[in-house]
Structure formats: structure tokens, C-alpha cells
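Here's the letter readout for the chains.
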Amino acid sequence: YTRGTVTAFSPFDARADAEALRKAMKGMGTDEETVLKILTSRNNAQRQEIASAFKTLFGRDLVDDLKKELTGKFETLMVSLMRPAYIFDAHALKHAIKGAGTNEKVLTEILASRTPAEMHQIKQVYLQEYEANLEDKITGETSGHFQRMLVVLLQANRDPDVGVDEALVEQDAQVLFRAGELKWGTDEEKFITILGTRSISHLRRVFDKYMTISGFQIEETIDRETSGDLEKLLLAVVKCIRSVPAYFAETLYYSMKGAGTDDDTLIRVMVSRSEIDLLDIRQEFRKNFAKSLYQMIQKDTSGDYRKALLLLCGGDDE
């Protein structure tokens, strides 16, 4: 991953950072500026080293101190930055399926966008951290075709990207056409199987071929033929197959567009993509929404929370 805005800081001194953070949080009042500057400019691996130096030097838990000294969205953002990547996703999923009501939006965003390798890691970490099977938990809280598609994505058995067989492209496009536009009532199973298991390069060709055959973008068909959580999930999968950065640019845009901000989504995406592809997301954002991600964050947030998000964003795309 080289398209992140956050990279390893050099020269790095975990002890010095730990001491600066302790000083920033000790005694009366907290020096938030120091906290946010350090945590947004070190990568995740370095933040883990800082936490371990913090414990060694002061016998205190850095995350507990952050929770005690900070508040609100700023606290959530700083604590999120302290979670190792796979634990971050596992934690988000755990909270999406616990207690009353399931947060389908979080399930959709994570399961549609993570690579098969990432998905296998998340499942493993989930088992270690929570001593529970992620798939069992998700199937227990969801139902119908939405559940089936989630389970297919959880298997993370997408075909590898090796050469595209045009005959199979034609066949899949025809199957989708017959299962959607040509059918009275939609054959969701076909959409689930094809969108959930074929390789990315194959599916990009299928989408082109589908357009040629039907005269519709596959998104238009999904929009018309399905509804609710399944529709949102299938659309997210299609968007991620076309372009993960474009999908996240759109997700960020809608988290801030209109009245009120969906801060949970804003934080989740900024933190989880900061070391992967936030530079690409910024590019897509600028291209598709006629303003930069930086400008939108600036307009939509305030205080230390805004300062930290802008540092994570890493620059403006005029």
C-alpha cells in the first residue's frame, strides 16, 4: 500500500513520543494539539510502539488515558487511530451486530470493500479478540438475500485476477440480464453468485458487456429490481469492483453532504483508508464532486476534531 496519506514517520522515537503524550495529558487541562499532531503523523505500527513505550515508562494504558482526557468525536477519532488495522475492522463489525438492531451500513461498507486477504485476517482477528465466529454472528443478525450476499463476501473466495475469458464474460452478462431485466421478479441468487465470486477484472468486463446487451448500467438494474439492504449491498459491491477509491470518495461525500454529519462513517473511512488509498480517494473526490475532500472537511467539522481530520487528509486538491 503506497497510496496512503499517513506513512512511517522518520526519525521515529517511541519513548520521546510517549513522554510528549504523557506531558500533554498530565495535570490540569490537556494539550490536544500535541496529541493530535503526534497520532496523525505516525503510522499504525508506530502508534503501537508508542503505546508500549507509554506502558513501560509510566505503567499506564495510553488508550485509557486518551479516553479519560479527551471527549466527543475528537476522542473517538484518536482512540480509533490507536487500534491496529484488523482489530479496527473487527471492532467496527462487532459493534455493528451487537445489541438491539444491526448497523447494516457498517456491514455493507466493510464487507463490500475489503480484499479477500483482508477479509481472512479480519475473521481470524475476530475469533481471537471476541472468541466468536464472525460468520455465525452475522447470520444470527441478518436474513434473506442480504444475509446470503454477506456470507458469500465473508467466504472471501473471489476468483484471482488471471486473464479474462470472453466467452464466460458474455455468459455471465446474459445470465444477469435474464435474472434481472428479463425476469418477472428478480433471480437474486444469480446476482449474488456472480457478483460475489468472479474476479474483479472479469466483472469489469461483464459490466461493459451488460451495458451493451441491455442498454442499462448494472447499477440501474440493481436499483430498479432490488430494494432495501440487499440493494445497498449489491450497489456497494458493484462500486467497489469498479473502483474502491471512488466508492469511498462517494461514501465520504454523503457522510458530510446536507444537514448534519455522519461522523461515525467519516471517522471510520478516514482512519481505515489513511494508510491504504486515501490519496486515490482524494483524487476521485475532486474529480466527482467539484470540490476537494479537504475543503469539505474544513466546512463540515470544527475544533481539534477538524484539525486532526485535515492532517489525516494530508492536503488540499485545489
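Note that the coordinates shown come from a computational prediction; the quantities given were computed from them, not determined experimentally.

(A) Representation of the overall build of the chain in the model. Scanning the chain from terminus to terminus reveals 20 helices and zero strands. In terms of overall size, the chain behaves like a compact globule, its C-alpha atoms giving a radius of gyration of 21 Å where 318 residues would be expected to give roughly 20 Å. Overall size of the chain, expressed as C-alpha extent along the three principal axes, is 70 × 45 × 40 Å. Expressed as a percentage of its 318 residues, the buried residues of the chain come to 48%. Sequence separation of 24 or more characterises 71% of the internal contacts of the chain that already satisfy a separation of 6 or more. For the chain, the accessible surface area stands at approximately 14,900 Å², while carbon and sulfur atoms represent 49% of it. Taking the 43 positively charged and 51 negatively charged side chains of the chain as two groups, their mean positions are separated by 3 Å.

(B) Representation of the side chain of Arg158 within the structure. Along the polypeptide, Arg158 turns up in the loop between helix H10 (144-155) and helix H11 (166-179). Lacking a salt bridge, the buried Arg158 has Asp159 as its closest oppositely charged neighbour, with an N-O distance of 7.6 Å. Reaching out from Arg158, the side chain makes a polar contact with the backbone oxygen of Leu195 at a distance of 2.9 Å. A distance of 2.7 Å separates the side chain of Arg158 from the backbone oxygen of Arg198, its partner in a polar contact. Once you skip the residues sitting within four places of it in the chain, Arg158 turns out to touch Pro116, Leu153, Leu195, Gly196, Thr197, Arg198, Ser199, Ile200, Leu203, Val237 and Ile241.

(C) Highlighting the packing of aromatic side chains. One pass over the full model with this rule turns up eight aromatic pairs. Relative to Phe58, the ring of Phe54 lies with its centre 5.3 Å away and its plane at 65°, an arrangement referred to as edge-to-face. Pair noted here: Phe54 and Phe58 are both in helix H3 (residues 44-58), with a separation of four residues, about one helical turn. Ring geometry for Tyr253 against Phe289: centres 4.0 Å apart, planes inclined by 5°, an arrangement best described as stacked.

(D) Highlighting the nonpolar core. In this structure, Met78, Leu195 and Met270 are the most contacted members of the largest nonpolar core, which totals 96 residues. For this core, the element with the most residues is helix H15 (residues 228-242), which contributes nine residues. Apart from residues no more than four positions distant in its own chain, Met78 is found in contact with Val35, Leu36, Leu39, Thr40, Leu66, Leu70 and Ala308.

(E) Looking closely at the packing of helix H16 (residues 244-256) against helix H19 (residues 293-300). For the pair H16 and H19, interaxial distance at closest approach is 10 Å and the crossing angle is 20°. The angle between the axes of H16 and H19 places the two elements in the roughly parallel class. Between H16 and H19 the crossing geometry is left-handed. Along its contact with H16, which presents Leu252, Tyr253 and Met256, the element H19 presents Leu293, Met296, Ile297 and Asp300.

(F) Focus on the environment of Tyr126. Structurally, Tyr126 is set in helix H8 (residues 116-130). For Tyr126 and Ile87, which are 39 residues apart along the polypeptide, the C-alpha to C-alpha distance reads 7.4 Å. Contacts of Tyr126, omitting those with residues within four sequence positions, involve Ala90, Leu93, Lys94, Ile97, Glu131, Ala132, Asn133, Leu134 and Lys137.

(G) Spotlight on the domain arrangement of the chain. When cut into domains, the chain gives domain 1 (14-82), domain 2 (86-155), domain 3 (166-242) and domain 4 (244-313). Placing the centre of domain 1 and that of domain 3 at their C-alpha centroids yields a distance of 46 Å.

(H) Representation of the pattern of salt bridges in the model. What the rule picks out here adds up to 24 salt bridges. Between Glu284 and Lys287 there is a salt bridge, with the nearest N and O atoms lying 3.3 Å from each other. Of this pair, Glu284 and Lys287 both sit in helix H18 (residues 278-289), three residues apart, roughly one helical turn. Lys287 sits in the exposed class, given a relative accessible area of 61%. The shortest N-O distance in the salt bridge between Asp304 and Lys307 comes to 3.8 Å. In this pair, Asp304 and Lys307 are both assigned in helix H20 (residues 303-313), three residues apart and thus about one turn of the helix distant. What makes Asp304 partly exposed here is its relative accessible area of 23%. Residue Lys307 is classed as partly exposed on the basis of its relative accessible area of 38%. The network of salt bridges with shared partners includes Glu33, Lys37, Asp304 and Lys307.

Rules and cut-offs
Position numbers for residues start from 1 in each chain and track the written sequence from start to end. In keeping with the predicted nature of the model, local features appear solely for residues at pLDDT of at least 70, side-chain atom pairs appear and are counted solely at 80 or more, and the whole-chain, interface and lining totals rest on all residues. Values shown for side chains rest on all heavy atoms present in the structure; no hydrogens or waters enter the calculation. Numbering of helices and strands starts at the N terminus; helices are DSSP runs of H or I of at least 4 residues and strands are runs of E of at least 2. A radius of gyration in this sense is built from C-alpha atoms; the matching globule rule multiplies 2.2 Å by the number of residues raised to 0.38. When accessible area is computed with a 1.4 Å probe and restricted to protein chains, residues below 20% of their type maximum are described as buried, those above 50% as exposed, and intermediate ones as partly exposed. Contacts were defined at the residue level, with two residues in contact if any of their heavy atoms lie within 4.5 Å. We get accessible surface area from the Shrake-Rupley algorithm with a probe of 1.4 Å; when it comes to residues, only the shown protein chains can shield them. Counted as positive: Lys and Arg. Counted as negative: Asp and Glu. His and the chain ends are not counted at all. The atom standing in for a charge is NZ when the residue is Lys, CZ when it is Arg, CG when it is Asp and CD when it is Glu. By definition here, a salt bridge exists when the distance from a side-chain nitrogen of Lys or Arg to a carboxyl oxygen of Asp or Glu is within 4 Å. Nitrogen and oxygen atoms within 3.5 Å of one another constitute a polar contact, given that in protein one can donate a hydrogen and the other can accept it, and given that sequence-neighbouring residues count only through two side-chain atoms. Only Phe, Tyr and Trp rings are paired, with Trp represented by its six-membered ring, and only when their centres lie within 6.5 Å; those with planes under 30 degrees apart are stacked, over 60 edge-to-face, the remainder tilted. Among buried residues, those of type Ala, Val, Leu, Ile, Met, Phe, Trp, Tyr and Cys that are joined through side-chain atoms within 4.5 Å constitute a nonpolar core. Lines fitted to the C-alpha atoms define the axes, with helices restricted to the stretch that makes contact. Angles between their N-to-C directions range from 0 to 180 degrees. For classification purposes, an angle smaller than 35 degrees is called roughly parallel, one larger than 145 roughly antiparallel, one from 65 to 115 roughly perpendicular, and anything else oblique. Crossings are classed by handedness, with left-handed meaning an anticlockwise turn of the near helix from the far one by less than a right angle and right-handed meaning a clockwise turn. Note that domain bounds follow an automatic or database assignment of domains.

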